[in-house]
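Each chain is listed here by its residues.
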Amino acid sequence: MRKENNLSHLISHISNLVKMARKLLLEHINVPGINTLDVYRQHGGYRSVEKALKTMSPDAIVEEVKTSGLRGRGGAGFPTGMKWSFLAKPEGKERYLVCNADESEPGTFKDRYLMTYIPHALIEGMIVSSFALGARTSYIYVRGEMMPQIRILEKAIAEAKNAGFLGKNILGTGYDLELYVQPGGGAYICGEETALIESLEGKRGNPRIKPPFPAISGVWACPTVVNNVETIAAVVPIINDGGEEYAKIGIGRSTGTKLISASGNLNKPGVYEIDLGVPVEEFIYSDEYCGGIANGKRLKAVVAGGSSVPILPANLSLKTVNGESRLMSYESLSDGGFQSGSMLGSGGFIAFDEDQCIVRNTWNFARFYHHESCGQCSPCREGTGWMEKVLHRLEYGHGKMSDIDLLVDVARKIEGNTICPLGDAAAWPVASAIRHFRDEFEWHVTNPKEAMDRNYGLAKYADPLPKLEEVSQ
Amino acid sequence: MSEKVKVTIDGITIDVDPGTSILNAARQIGGDIVPPAMCYYSKLEGSGGKCRTCLVKVSKGSEKDPRPMPKLVASCRTGVMDGMEVQNITSPEVIEARKGVVEILLINHPLDCPVCDQAGECHLQDLSYEHGVANTRYEFERRTFERIDIGDKIQLHMTRCILCYRCVYVADQLTDGRQHGILGRGDASEISTYIEKAIDNDFSGNVIDVCPVGALTDRTFRFKNRVWFTKPVDAHRDCPTCKGKVTLWYKGEEVLRVTGRKDQFGEVEDFICNTCRFETKNTSDWVIEGPRQIAHTSVISANHYEMLPLPVIKQNQALIEANKIEFDRASKI
Amino acid sequence: MLSVTEQKDIEFSSSLISQFDEIVTRYPAGKQKAGLLPILHLVQAEYGWVSPEAMDKVAAYLEIKPIEVYEVATFYTMFFLRPQGKFVLEVCRTGPCCLVGAEKIMDHIEKTLGVKEGEVTADGKFSWRGVECLAACGMAPVLQIGPEYTFYENLTEQSVDQLINDLKNKI
């Protein structure tokens, strides 16, 4: 076990975790002291601020981001440049950029990683992006549990301010920007952009009913852009090297690099920066990335983009129904729709080995969404709890065969009928688990005692657990 | 004023002001095509969007952009566009989704209508008659709370609450010091004052009128009578605090309760003050205007009024098809 | 139903108030309510929990209604509405952590501390609870301890024993 603030230990840990060909965000992550402004600048840090503020117009930056094809890295994958160009610019009203660092999608931990080890990458991106959007005050909304990261960011902001990259008249260009870190209070729903805005305003994290969208009326009814940490950080290489260069990386409409958070039963879990388009098979099994399934076991299933995206069985994770190799890209992962595909989402890649119980995991995820539902709209408030209770019953050997179809039906009643995407996020894992692993649900009904006793591993710890030392290296 | 916009709901076209919501456009048409609303309240700013019973299908976005909307939308919070085409009761998808919402609203709702003062004028009761199924598939313990008296006039029975937030908006928009709110989160949310407090304000009684279910009820009327045995009469008085336009609910010569005047959509025409509501229960205090017209959908009207007005939908063959049962019932009467 | 625990006679220290003063400068004039979450974190760091009395004081400071503070404090899971142990072990209980044994770790903590989830040990030093995803799935299983939310990763039963021992000696 390590404490997070033991830096030297950490960096050796990281160098084990992060080995890859091309890096735009994590290139210098192994450099000692890269979390400080001086070392960060020695490695080319804050070049994009100089370039953007001194030689580019805000509109030119937006165009550059459009050219890059960058898509939102928080999960939805909406083109960032387009989102920026929607921002209303009424006279006499402030505009705000808010960074969404409320990372809490199960399976995703890339933002924590980035903010911990290379905080200036985010701050540099915030300055350039704020300039592009004409924001004079910007906020980084960090989930409250990440108090160490809040401290790291606050320190980095102070350093940047001292060096003249923040505050009044930045680099003598006449541009003023104040940047603040805002802590959350423990609510997954605040990752939804309008809930985040509500929370930033000091209210309950109830998502707003759209329209109006934040680009018209966001924080304090002012035009607002909310972007994920990784999205903002990706603006830095786009400005440094040009949008066209960035767009050359990746495949099709999935341009650039993406941070993938790999977890579950893998030999080398961790954060990897990949070129979009790497085959899933290579990502799981090559030594460059996850190094295969832990303890010599076989792959059973993959959740490729954070807990809310549909789970896929091993065969569909590696190949599409057409027999094509499945790639880590927005398009390839969603190939086949929800019948046989999934989504890249936030890049939270969770691998399940052959001993894992899909029913138990589905119940676990359902419990998560039940716990995190804000309770504002009825299908999500009541439906998530209902699904959790039925799944609990199935998992603990009291289920009925009709429960399986009941779950499918309840999931269908939630999906698409809620204010925000949390309803969909709660429904998809349940619907997809039943779609692909119905036999396992039925087994829980027909063999309740065995399901209780064995539970594919974890409930009674009948199967040997992966050795933790090996997992952690 | 800018030009009117044209919107078609279930085949019936109407011109409305720009910015009108689909729900309000449907209300202007009237009849069976009006989506039900459990949380939206036209007189409370910001209300709506939460219960999801008013979901409709937008099959054509507008004249300019005719693409259909990808999901069902909450009609109470979606503005009409010129040339928009909306399906409500003509869309099986909408009916199915609404059925789902009703089932979900009912899973934690107690089946205590026989002892609930709201019975007979409960929107959830109406909704479940129309869209519900006889059996529930929910086999778990229902969520329960203890009854709380918030002040000596209002009782909060949280178990029945569907979290429409209307009472919160009332307190925010009608009174100067909101003391209750939504506490907790998810299905553990509740209306509460947290620390026990009496809600004491001239207009606090309106939370009773806006509550779509029996979660907030009038303690002065508690168990006095079933609403369908009482006779509603419109009356007014010269009130220094509110407009003083109310409905008196009589049993014999006695005024059992006083409420705001509710329109056919269950919304009060004017909010009334607590003095009118709780303290003024003698006929001599009031100028009587005459019997209150009650919406034909209400059980209250069943014993008092002649026959159901024929729905607007009679003009349209598609709607007649979609409403066979309604028509049969209407023609039988 | 929410039960309410009271705290008698609290007064915010001047250093706490000066931290509040700094926080509200981050927002435009009149939008000081935005400082609510950071201020509640400070209050919890000071007292270990947020009492109704403390919330009333925060409401007065921010010039908002007390109910607005209650609504927020009860919505977010990080705020404790009643006193906790000096150290609250918050173990991630979501999917990826469970794949590598988080449930086992929670059982072990329950056995070691001898109290159930949410309860406080007799000496007042410890309480524990399962929390939802802490965004550290690659280092699972993980737990955190407030108020600085220090992280402990790749937990094993041995490392948890070690941690609890260290904390016992710390007091």
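These numbers come from a predicted model, not from an experiment.

Asker: Just to check I follow, could you spell out the confidence of the model for chain C for this structure?
Answerer: Do not read the predicted coordinates in detail wherever pLDDT is low. Considering every residue of chain C, the mean pLDDT works out to 91; 98% of them sit at 70 or more. For this predicted complex, the interface confidence reaches an ipTM of 0.94, while the overall pTM sits at 0.90.

Asker: Sorry, what's going on with the interface of chain C and chain A here?
Answerer: Reports often express the size of an interface as the amount of accessible area lost when the parts come together. The partner chain A presents 69 residues to the 51 residues of chain C that form the contact. Summed over both sides, the interface of chain C with chain A buries roughly 5000 Å², with 60% coming from carbon and sulfur. In terms of surface lost to chain A, no three residues of chain C exceed Arg26(C), Phe75(C) and Leu99(C), which account for 14% of the buried area on that side. Joining chain C to chain A, the criterion identifies two salt bridges. With a shortest N-O distance of 2.9 Å, Arg151(A) and Glu148(C) are connected by a salt bridge. Where chain C touches chain A, the interface holds 22 residue pairs in polar contact (both at pLDDT 80 or more). If you list the elements that add at least two residues to the side of chain C that touches chain A, you get helix 2 (36-47), helix 4 (66-75), helix 5 (95-99), helix 6 (102-113), strand 4 (150-152) and helix 7 (157-170) of chain C.

Asker: What am I meant to see in the sheet that holds strand 4 (residues 224-228) of chain A here?
Answerer: Through backbone hydrogen bonds, the strands of a sheet pair up, either in parallel or in antiparallel fashion. Residues and elements named next belong to chain A. Ordered by their spatial adjacency, four strands build an open sheet running 3-2-1-4, and the pairing between neighbours is parallel. The open sheet terminates on both sides in strands that have one partner only, identified here as strand 3 (178-183) and strand 4. Across this sheet, the average inter-strand angle for adjacent strands is 20 degrees, counted without regard to direction. Here strand 1 (residues 96-101) pairs with strand 4 via five bridges, running parallel. Across the sheet, Val 98 pairs through a bridge with Val 226, a residue of strand 4. The sheet contacts of helix 7 (residues 119-133) involve strand 1, strand 2 (137-142), strand 3 and strand 4, and relative to strand 1 the element is tilted by about 150 degrees. Sitting on the sheet, helix 8 (residues 147-162) touches strand 2 and strand 3, and the angle it makes with strand 3 is about 170 degrees.

Asker: Would you mind showing me how to read the interface of chain C and chain B here?
Answerer: Facing the 18 residues of chain C at the interface are 19 residues of chain B. Summed over both sides, the interface of chain C with chain B buries roughly 1500 Å², with 62% coming from carbon and sulfur. One can count one salt bridge joining chain C with chain B. The shortest N-O distance in the salt bridge between Arg178(B) and Glu71(C) comes to 2.9 Å. Of all elements in the fold, only helix 3 (52-62) and helix 4 of chain C reach the threshold of two or more residues within the side of chain C that touches chain B. Residue contributions to the side of chain C that touches chain B peak at seven residues, all from helix 4 of chain C. For the side of chain C that touches chain B, a count of residues per class yields 11 nonpolar, three polar and four charged.

The rules behind the values
- Residues numbered from 1 in each chain as written.
- Chains lettered and ligands numbered in written order.
- Predicted model: local features only at pLDDT ≥ 70, side-chain atom pairs only at ≥ 80, totals over all residues.
- Heavy atoms only, no water.
- pLDDT = per-residue confidence, 0-100.
- Contact = heavy atoms within 4.5 Å.
- Buried area = accessible area lost by both parts, 1.4 Å probe.
- Salt bridge = Lys/Arg side-chain N within 4 Å of Asp/Glu carboxyl O.
- Polar contact = N/O pair within 3.5 Å; in protein donor to acceptor, adjacent residues only side chain to side chain.
- Helix = DSSP H or I, 4+ residues; strand = E, 2+ residues; numbered from the N terminus.
- Pairing = 2+ DSSP bridges.
- Axes fitted to C-alpha atoms, helices over the stretch in contact; angles between N-to-C directions.
- Nonpolar A, V, L, I, M, F, W, Y, C, P; charged D, E, K, R; others polar.

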